[in-house]
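Understanding the architecture of this molecule
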Amino acid sequence: MKLYTKRGDQGITQLIGGSKVSKDDKQVIAYGTMDELNAWLGYTMVCCSSREVLFIKELQEIQQCLFDAGHDLATPTKHPAYIFNEKQVGWLEQRIDFYSAHSPEITQFILPGGSRVAAVLHVARTITRRLERQIVALQKEAPINGSVLKYVNRLSDYFFAAARYANVINNVDDIFYDSGRKEFERREDD
Amino acid sequence: MKLYTKRGDQGITQLIGGSKVSKDDKQVIAYGTMDELNAWLGYTMVCCSSREVLFIKELQEIQQCLFDAGHDLATPTKHPAYIFNEKQVGWLEQRIDFYSAHSPEITQFILPGGSRVAAVLHVARTITRRLERQIVALQKEAPINGSVLKYVNRLSDYFFAAARYANVINNVDDIFYDSGRKEFERREDD
Amino acid sequence: MKLYTKRGDQGITQLIGGSKVSKDDKQVIAYGTMDELNAWLGYTMVCCSSREVLFIKELQEIQQCLFDAGHDLATPTKHPAYIFNEKQVGWLEQRIDFYSAHSPEITQFILPGGSRVAAVLHVARTITRRLERQIVALQKEAPINGSVLKYVNRLSDYFFAAARYANVINNVDDIFYDSGRKEFERREDD
Ligand code: B12
Ligand code: B12
Ligand code: B12
Ligand SMILES: C[C@H]1O[C@@H](n2cnc3c(N)ncnc32)[C@H](O)[C@@H]1O
Ligand SMILES: C[C@H]1O[C@@H](n2cnc3c(N)ncnc32)[C@H](O)[C@@H]1O
Ligand SMILES: C[C@H]1O[C@@H](n2cnc3c(N)ncnc32)[C@H](O)[C@@H]1O
Ligand SMILES: [Mg+2]
Ligand SMILES: [Mg+2]
Ligand SMILES: [Mg+2]
């Protein structure tokens, strides 16, 4: 079978099982962004150096989970047969607790960035939150698997915690947001 | 002429020819995402090593095509004068066939990633599909150049095929999606 | 306090001050994309080599400003207490003028890309324009801080000018868009 079928050339596609939907349907948007996040994680893994292999293992597991979650989002809402395992939420919480315990406590926002891996993890965090917003928009129109939404909510906190831990192991200090900027030029004269 | 005219500061801008539209108009969204994809391809080219120069040439050609496609999306719908050449779709198909013929056959989903270039090509694939969704949304409101939609549909398959081929030439095996995740912790005990 | 409160697991969250909104509210979309842009700038900084330190300093300042701007977008619209300082717009204009003065003049579109930093700055440019479109969408529903919209409009021109300057200091020529593509195969025979 050829990769391209040309059947989607007018803008219509299929869900699992074959029911037809427009490509701008809220379900398609949601699993499309799931796929975008998944692709970004593929890149994030490429950015891990040997010191950061622990992330590679975890990110690959998350990629698998995102496909399970994507399956549920691509399921027609009439007779859903969900496969996403809510226990994955608990696993994320354990990892967040571990990373948080090994990073300095903060009570302010930090500038996203630092080491290479921290920076790409922060980007993953914000794509995850974009995905979450789209699942919430979908949920207003059709039933969804609530465990998937929980997972995605926790996942962005996981990426925040992992990004901070990445800076810890790379000996990079997070920089704090310093509210109420003055003019840049003037600041330089200070 | 200065780069910034300040005329768009209230949120209104112009299409080709000068007709006024809101910056959140569906046409502007579509060619804005075309531009985002184009910028990502610029980065993808930067990620190509000497072993991957074949991609650079093709990506630059695609960048040119995306501008032609963007032109058509930025054209006012009353008296459209389209420039996008549908023959480009055939060119993509030839490239997909070539890359597919030189990659192992698959009958399962793969985790996006692998080599650096494969990873960024997968990201390009998902931005292309986001663009496609937005063109489909636009098409519900206004006439579009149908060849552009076809091209964009084929382009995401091109990026998939190219990503797989990138892993082939880098001797990286694609990892399969293994449906129905168990809990991570438990899996480690297996 | 734990990073995750689980309170947002059903799709509702809070603005500054505590008023409840859906996570797909237009305000949340806008400051969520502000956050995505901010994360991308963190990555852009990672891509700067020693020759490009001037960008690092400026990008960090912009990250701080984006948090101020994000604050205003996350403020409930009833009793807004804005903090974004419009003087930042003037600072961007000065930088655009400087970068433009030190780059070859152009009267055509260029293909986004070139050096690594130029490429990631072009991506920043297009995320900024995506953000601008979302702020314009929000503005149709609720009052916003107009200075933030001005800033974001100017910011995408800043990234364009900075990307071009990055290519100048890296001795890379920008490639022009050459309107009206022919078929790729045939072009090679030329
Ligand atoms: C949902 C879906 C997706 C989702 C996956 C959702 C998720 N879980 O996150 C997303 C959006 C990620 C996706 C992406 C792609 N998909 Co898709 N997808 C589907 C769809 C609608 C359902 C598949 C499914 O999960 N079925 C439920 C399971 C339980 O049933 P299953 O049949 O056993 O599922 C298996 C196969 O469908 C699939 N499979 C079988 N043969 C092939 C061949 C290829 C090349 C691929 C990639 C997959 C594939 O692997 C699954 C087992 O893991 C089918 C069309 C349909 N209506 O069946 C297309 C389909 C499988 N996809 C297809 C394609 C081409 C792609 C993309 C290459 C598109 C692109 N250019 O990006 C990518 C590949 C992504 C990757 N990483 O491998 C084609 C495959 C054509 C072919 N050669 O066989 C199909 C058949 C659609 C079509 N064009 O007709 N897809
Ligand atoms: C559509 C459009 C776009 C689209 C292009 C769509 C596509 N094909 O994919 C997108 C969204 C990509 C785009 C991006 C930008 N654009 Co524009 N765009 C336009 C618009 C509306 C039409 C241009 C067009 O295609 N006309 C049709 C062709 C056939 O006519 P043309 O006049 O011969 O087109 C030529 C020029 O318009 C253009 N050009 C001429 N002078 C200059 C100067 C600069 C600096 C640039 C970048 C281009 C440019 O090059 C074309 C030939 O290739 C014009 C405004 C208008 N209403 O004309 C602005 C305009 C050309 N853009 C402008 C700007 C500033 C930009 C950006 C720098 C904005 C940003 N910060 O990202 C980028 C640059 C992108 C790049 N890679 O070079 C300005 C240029 C101001 C100037 N100094 O001359 C214009 C005039 C809008 C304005 N502010 O008034 N744009
Ligand atoms: C708006 C907002 C955001 C915006 C910021 C908008 C902008 N300026 O661009 C965005 C979307 C970027 C954001 C992101 C995040 N946020 Co937030 N955010 C808020 C919100 C709604 C208002 C904060 C604010 O600006 N208040 C106005 C100022 C003047 O008041 P303030 O109280 O003095 O503000 C200070 C603190 O709120 C904050 N702060 C205090 N303790 C902590 C602890 C942590 C871990 C963090 C990150 C921040 C933080 O630092 C501010 C001073 O710089 C609060 C919830 C609420 N209703 O208060 C959550 C809140 C502060 N955020 C929270 C979290 C978890 C995050 C993220 C980690 C989420 C994620 N996974 O991505 C990221 C972190 C981003 C970063 N780079 O540090 C949590 C913090 C929980 C905790 N452990 O204390 C809160 C309390 C929401 C909640 N879950 O209940 N957020
Ligand atoms: C940290 C703050 O970020 C906001 N918030 C919560 N979820 C999202 C999301 N998916 N996208 C953008 N913003 C979000 C809320 O206002 C929260 O309090
Ligand atoms: C491979 C599967 O991806 C879905 N699909 C097709 N086009 C898009 C798009 N632009 N964005 C997201 N999903 C898409 C369809 O369900 C198709 O069968
Ligand atoms: C350069 C051209 O880009 C378009 N334009 C202006 N602002 C945006 C934006 N935020 N997103 C996408 N396109 C935009 C207008 O058509 C302008 O003339
Ligand atoms: Mg959350
Ligand atoms: Mg397709
Ligand atoms: Mg502008």
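One structure accompanies this document, and this report is about it. (Residues numbered from 1 in each chain as written. Chains lettered and ligands numbered in written order. Predicted model: local features only at pLDDT ≥ 70, side-chain atom pairs only at ≥ 80, totals over all residues. Heavy atoms only, no water.)

**So, the site of ligand 1**
- Around ligand 1 sit 25 residues, and of these Phe67(A), Thr107(B), Ile110(B), Arg125(B) and Asp157(B) come closest.
- With respect to ligand 1, its neighbouring residues span chains A and B.
- In the model, a nitrogen atom of ligand 1 is placed 3.1 Å from a nitrogen or oxygen of the His71(A) main chain.
- Within the contact set of ligand 1, an oxygen atom lies 2.8 Å away from a side-chain nitrogen or oxygen of Arg125(B).
- For the shell around ligand 1, the elements supplying multiple residues, two or more each, are helix 1 (26–46) and helix 2 (53–73) of chain A together with helix 4 (116–139) and helix 5 (146–169) of chain B. (Near = heavy atom within 4 Å. Polar contact = N/O pair within 3.5 Å; in protein donor to acceptor, adjacent residues only side chain to side chain. Helix = DSSP H or I, 4+ residues; strand = E, 2+ residues; numbered from the N terminus.)

**Brief notes about the packing of aromatic side chains**
- On inspection of all chains with the given rule, the structure shows 42 aromatic pairs over all chains.
- Relative to Phe159(B), the ring of Tyr158(B) lies with its centre 5.4 Å away and its plane at 70°, an arrangement referred to as edge-to-face.
- For Tyr158(B), a relative accessible area of 0% gives the class buried.
- One aromatic cluster in this structure is built from Phe55(A), Trp91(A), Phe98(A), Tyr99(A), Tyr158(A), Phe159(A) and Tyr165(A).
- Arg95(A) extends its terminal NZ or CZ atom over the ring of Tyr99(A), reaching a point 4.9 Å from the ring centre. (Phe/Tyr/Trp six-rings, centres within 6.5 Å; stacked < 30°, edge-to-face > 60°. Buried < 20%, exposed > 50% of the residue type's maximum accessible area, 1.4 Å probe, protein only. Lys NZ or Arg CZ within 6 Å of the ring centre and 35° of its normal.)

**Quick word on the site of ligand 3**
- Among the 25 residues in the neighbourhood of ligand 3, the closest are listed as Thr107(A), Ile110(A), Arg125(A), Asp157(A) and Phe67(C).
- More than one chain reaches ligand 3: its neighbouring residues belong to chains A and C.
- Within the backbone of Ser156(A), one N or O atom sits 3.2 Å away from a nitrogen atom of ligand 3.
- Of all the elements in the fold, those that place two or more residues in the shell around ligand 3 are helix 4 (116–139) and helix 5 (146–169) of chain A together with helix 1 (26–46) and helix 2 (53–73) of chain C.
- When grouped by side-chain class, the residues that make up the shell around ligand 3 number 12 nonpolar, seven polar and six charged. (Nonpolar A, V, L, I, M, F, W, Y, C, P; charged D, E, K, R; others polar.)

**Description of the pattern of salt bridges**
- A complete count under the given rule lists 42 salt bridges over all chains for this structure.
- Between Glu36(C) and Arg130(A) there is a salt bridge, with the nearest N and O atoms lying 3.1 Å from each other. Placement of the pair is Glu36(C) in helix 1 and Arg130(A) in helix 4, with the two residues belonging to separate chains. Grouping residues by exposure puts Glu36(C) and Arg130(A) together as buried.
- Glu86(C) is the salt-bridge partner of Lys150(C), the closest N and O atoms lying 2.7 Å from each other. Here Lys150(C), found in helix 5 (residues 146–169), pairs with Glu86(C), found in the loop between helix 2 and helix 3 (87–101); they are 64 residues apart in sequence, far enough to count as distant.
- Taking the relative accessible area as the measure of exposure, Glu86(C) reaches 34% and is therefore partly exposed.
- Via salt bridges that share partners, Glu36(A), Arg130(A), Glu36(B), Arg130(B), Glu36(C) and Arg130(C) belong to a single interconnected network. (Salt bridge = Lys/Arg side-chain N within 4 Å of Asp/Glu carboxyl O.)

**As for the relation of the copies chain A and chain C**
- Laying chain A over chain C is done by rotating through 120° and shifting 0.0 Å along the axis; what remains is an RMSD of 0.0 Å. In the structure described here, the two chain copies are related by an operation that fits a three-fold rotation axis.
- With a heterologous cut-off of 20% or less, the 6% of interface residues of chain A that recur at the interface of chain C puts this contact in the heterologous class. (Least-squares fit on C-alpha atoms with pLDDT ≥ 70 in both. Contact = heavy atoms within 4.5 Å.)

**Quick look at the nonpolar core**
- Judged by nonpolar contacts, the single largest core of 168 residues is most densely connected at Trp40(A), Trp40(B), Trp40(C) and Tyr43(C).
- Beyond its immediate stretch of four places on either side in the chain, Trp40(A) contacts Val120(A), Val123(A), Ala124(A), Ile127(A), Trp40(B), Val123(B) and Trp40(C). (Core = buried A, V, L, I, M, F, W, Y, C linked by side-chain atoms within 4.5 Å.)

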